[in-house]
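Architecture at a glance
Spelled out from the first residue to the last, the chains are:
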Amino acid sequence: MVSAGLVEDGICDCCNGSDEERAECPDTCAAQAAAREQASRVQREHRTRGLRKLAGLGQRGKQVRESLAKEEVKQDRLLAQAVEQLNAMRAEFDHPDNPTQQQQRQWGQMKAQAQQMHRRGQRAKHLLAIPSDNLLGLVEDCTTSAPMSEKVIRGGAVTSADKHYSFTLCPFEYGIQRWELRSEWEFETCIHELGETGPDGSSNEQNCSDRAANAGVDPQEVAGYQQYCANLEDPEMRPGCLKHFSHKQEQAREHQLSTGLGIYDAAQSDLTKYWVFVDSGEPCSNGIRRQLNVTLVCGYTEHEPSNQTNARPAASRITSVRENGMCEYEMTLETPAACLRSSPELKNDL
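Residues numbered from 1 in each chain as written. Predicted model: local features only at pLDDT ≥ 70, side-chain atom pairs only at ≥ 80, totals over all residues. Heavy atoms only, no water.

1. Quick word on the overall build of the protein
Counting its secondary structure elements, the protein contains nine helices and nine strands. Counting the 350 residues in the protein, one finds 33% classified as buried. In the protein, the proportion of contacts linking residues at least 24 apart, taken out of those at least 6 apart, comes to 56%. Carbon and sulfur atoms make up 50% of the accessible area of the protein, which totals about 21,300 Å². (Helix = DSSP H or I, 4+ residues; strand = E, 2+ residues; numbered from the N terminus. Buried < 20%, exposed > 50% of the residue type's maximum accessible area, 1.4 Å probe, protein only. Contact = heavy atoms within 4.5 Å. Areas by Shrake-Rupley, 256 points an atom, 1.4 Å probe, with all protein chains shown as cover.)

2. Notes on the pairing of strand S3 (residues 164-170)
Counting buried residues in S3 gives five out of seven residues, a clear majority hidden from the surface. Where strand S2 (residues 148-149) meets S3, two bridges bridge the pair, whose relative direction is antiparallel. Within the sheet, the bridge partner assigned to Ser149 lies in S3 and is His164. Judged from the seven bridges that link them, S3 and strand S4 (residues 174-180) form a sheet pairing that is antiparallel. Bridging from a neighbouring strand, Cys170 pairs with Tyr174 of S4. (Pairing = 2+ DSSP bridges.)

3. Regarding helix H2 (residues 101-128)
For H2, built from 28 residues, the straight-helix expectation of 40 Å at 1.5 Å per residue is met to within 8% by its first-to-last C-alpha distance of 41 Å. Buried within H2 are the following residues: Gln103, Met110, Ala114, Met117, Gly121, Ala124, Leu127 and Leu128. (Expected span 1.5 Å × (residues − 1).)

4. Points about the state of the cysteines
With the rule as written, the count across this model stands at five disulfides. Bridging Cys142 to Cys170, the disulfide has an S-S length of 1.9 Å. Here the disulfide of Cys142 and Cys170 is right-handed, its torsion about the S-S bond being about 110 degrees. On the criterion of sequence distance, the pair formed by Cys142 in the loop between helix H3 (133-136) and strand S1 (143-144) and Cys170 in strand S3 is long-range, its members being 28 residues apart. (Disulfide = S-S within 2.5 Å.)

5. Overview of the confidence of the model for the protein
Summarising the model, the protein shows a mean pLDDT of 83, and 87% of its residues fall at 70 or more. The element-level mean pLDDT for the protein is lowest in helix H9 (residues 344-347), coming to 51, with S3 highest at 94. (pLDDT = per-residue confidence, 0-100.)

6. Let's talk about the pattern of salt bridges
Close approach of charged atoms allows side chains with opposite charge to pair. This model, assessed by the stated rule, comprises 12 salt bridges. As a salt-bridge pair, Arg65 and Asp133 come within 2.6 Å of each other at their nearest N and O atoms. In this pair, Arg65 is assigned in helix H1 (residues 29-92) and Asp133 in helix H3, connecting sequence segments 68 residues apart. Note that Arg182 is salt-bridged to Glu186, the shortest N-O span being 3.1 Å. Separated by four residues within a single helix, Arg182 and Glu186 lie in helix H5 (residues 182-194), roughly one turn from each other. Accessibility classification places Arg182 together with Glu186 in one group, the buried group. Among the charged side chains, a network of salt bridges with common partners joins Glu72, Asp76 and Lys125. (Salt bridge = Lys/Arg side-chain N within 4 Å of Asp/Glu carboxyl O.)

7. Observations concerning the packing of aromatic side chains
According to the stated counting rule, one finds seven aromatic pairs in the structure shown. The interplanar angle of 50 degrees and the centroid separation of 4.8 Å between the aromatic rings of Phe172 and Trp275 together place this pair among those described as tilted. Taken as a pair, Phe172 in the loop between S3 and S4 and Trp275 in strand S6 (residues 274-278) lie far apart in primary sequence, 103 residues in all. For the pair Phe172 and Trp275, one class covers both residues: buried. Taking the centre distance of 5.7 Å and the plane angle of 65 degrees together, the rings of Tyr264 and Phe277 count as edge-to-face. Placement of Tyr264 in strand S5 (residues 258-264) and of Phe277 in strand S6 is noted, with a sequence separation of 13 residues between them. Assigned by exposure class, Tyr264 and Phe277 land together as buried. (Phe/Tyr/Trp six-rings, centres within 6.5 Å; stacked < 30°, edge-to-face > 60°.)

8. A look at unusual backbone geometry
You will see that Glu140, though not glycine, has its phi angle at about 65 degrees, which is positive. Relative to the assigned elements, Glu140 resides in the loop between H3 and S1.

9. Re the layout of surface pockets
Considering only enclosed or pocket space, the largest pocket measures out at about 390 Å³ in volume. Along its surface, the largest pocket is lined by 20 residues, and Arg154, Tyr165, Gln177, Arg290 and Tyr329 are the ones closest to its centre. When residues of the lining of the largest pocket are traced back to their parent elements, those giving at least two are S4 and helix H8 (238-257). For the lining of the largest pocket, a count of residues per class yields nine nonpolar, six polar and five charged. Along the walls of the second largest pocket sit Arg123, His126, Phe172, Glu173, Tyr174 and Ile263, which together make up its complete lining. (1 Å grid on protein atoms, 1.4 Å probe; cavity = no way out; pocket = protein on both sides within 12 Å on 5 of 7 lines; lining within 4 Å. Points joined across faces, edges and corners; volume = space filled by probe spheres on them. Nonpolar A, V, L, I, M, F, W, Y, C, P; charged D, E, K, R; others polar.)

10. Here's the deal with the nonpolar core
Nonpolar side chains tend toward joint burial in soluble globular proteins. Within the largest apolar cluster, 40 residues are counted, with the highest numbers of intra-cluster contacts made by Phe167, Leu169, Phe172, Trp275 and Val294. Leaving out residues up to four positions away in the same chain, Phe172 has contacts with His126, Leu127, Ile130, Leu135, Leu138, Val139, Tyr264, Leu271, Trp275 and Phe277. (Core = buried A, V, L, I, M, F, W, Y, C linked by side-chain atoms within 4.5 Å.)

11. Section: H5
Counted at 1.5 Å a residue, the expected span for H5 with its 13 residues is 18 Å, and the 18 Å between its end C-alpha atoms agrees. Where H5 is concerned, the buried positions are Arg182, Trp185, Glu186, Thr189, Cys190 and Ile191. Those residues of H5 that are buried lie in contact with S4, helix H6 (205-213) and H8. Gly195 sits one or two positions beyond H5 and adopts a positive phi of about 85 degrees.

Structure, rendered in structure tokens:
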């Protein structure tokens, strides 16, 4: 059925053209039905593979649960010892209200260790709250998307050259966005700003290549470290000093490329329908906290590992990402986790 306003408007709304007597409308009903059947068949196949994969995750989930239970006990024990040491250190201060620099340093190091133990213990507690071993089998099974154009993510480019981002999701833990192909973007942006040739007719290609290679590097910081290494009394220490700085600089550049989109919020999430990741501590430029909303779709697709560090392909696959307004992301994830609610045998695990 179509509304009266769509009849005889020159547009073929019905697949057989019955809404248009004067217009020539091809009969596409059979083709549309075949396409729907094909889509339905693919969906059924994905669901079948997802259920099979989910059942296979149970054994891994049991191992993860055992490991987390041990980790929780270990971190609680270490944290109690660390707190005891902190109290003992404070008691040993010559002047508790005015400790020496060495005492402050030791105190700070021990406090940092205690905070790390607390975080590890809390992580174990948070993950152990997941009732199903099948779902727990997805822990540490992070998946990374292929680079996506910001035109696809945001519905249009916001800069002269199109940026590309990849997304990593670690089930029940966190989500990350990473700026990919930055050097290419820096080069294209430079060419757009300066033009392919300068006023004297010379090419700007080398200038833009240099700018792209040094993107994210603070020249003053580089000069300072180089001067520091050059002034070392032992000449044999200078190469190691420069190597250490280079490594530190590369880590800083890598950190600039990644942005936390949120940490898993169990209170706002449904284990088998949607996951919400919020408040990663990295707000947008306007102060809004980022939020990642993940819609789960039952299925499993065989695919290559998302990066070289993965020995096996992830069980889940990111199929789409959209930025729905400022710093709020909508992601669709094909995952065996969503198949749990359609399995009478496994649903009782929840």
